[in-house]
Amino acid sequence: FSRQVATMFRNTHAFEMFFLIILREYDQMAEKFYDPKDKLSHDEKKELIKKRLRTCWWGPRANLNIKLQGKEIGNLMDGRPNVDSKKTD
């Protein structure tokens, strides 16, 4: 996980983040974004937030060519078997 940039925010709560997201307040989100390595500029934080919010991994707009990372870990933590996104019913 140390190679990835985590999405963490400080001095906020889920309700506020919800409204910042739907109102597209990327500047405010970038100000609240916590970068533990302190490597990202304000504009880089904004672009990262935009990219992550625009990622769609389900439904008719899903990009089937991307490889999602971490879902297998989350499923194992929840006691569920791995979910293979390529399988269909």
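What counts and what doesn't
- Residues numbered from 1 in each chain as written.
- Predicted model: local features only at pLDDT ≥ 70, side-chain atom pairs only at ≥ 80, totals over all residues.
- Heavy atoms only, no water.
- Helix = DSSP H or I, 4+ residues; strand = E, 2+ residues; numbered from the N terminus.
- Contact = heavy atoms within 4.5 Å.
- Patch = residues over 30% accessible without salt bridge, like charges linked within 9 Å, V, L, I, M, F, W, Y side chains within 5 Å.
- Areas by Shrake-Rupley, 256 points an atom, 1.4 Å probe, with all protein chains shown as cover.
- Salt bridge = Lys/Arg side-chain N within 4 Å of Asp/Glu carboxyl O.
- Buried < 20%, exposed > 50% of the residue type's maximum accessible area, 1.4 Å probe, protein only.

1. What to know about the environment of F33
Phase 1: Mapped onto the fold, F33 is located in the loop between α2 (26–32) and α3 (42–53).
Phase 2: Apart from the residues lying within four places of it in its own chain, the contact partners of F33 are V5, A6, T7, M8, F9, L40, K45, L48 and I49.

2. A look at a nonpolar patch on the surface
Phase 1: Taken together, F15, F18, F19, I21, I22, L23 and L53 make up a surface patch of nonpolar side chains, about 670 Å² in accessible area.
Phase 2: Among the elements that take part in the nonpolar patch, helix α1 (residues 14–22) stands out by supplying five residues, more than any other.
Phase 3: Among the structural elements, F19 can be located in helix α1.
Phase 4: F19 sits in the partly exposed class, given a relative accessible area of 34%.

3. Here's the deal with the pattern of salt bridges
Phase 1: In the structure shown here, the tally under the stated rule is three salt bridges.
Phase 2: K32 serves as the salt-bridge partner of E16, at 3.6 Å between the closest nitrogen and oxygen. Of this pair, E16 sits in helix α1 while K32 sits in helix α2, placing them 16 residues apart in sequence.
Phase 3: For E16, a relative accessible area of 25% puts it in the partly exposed group.
Phase 4: Residue class for K32 comes out buried when judged on its relative accessible area of 19%.

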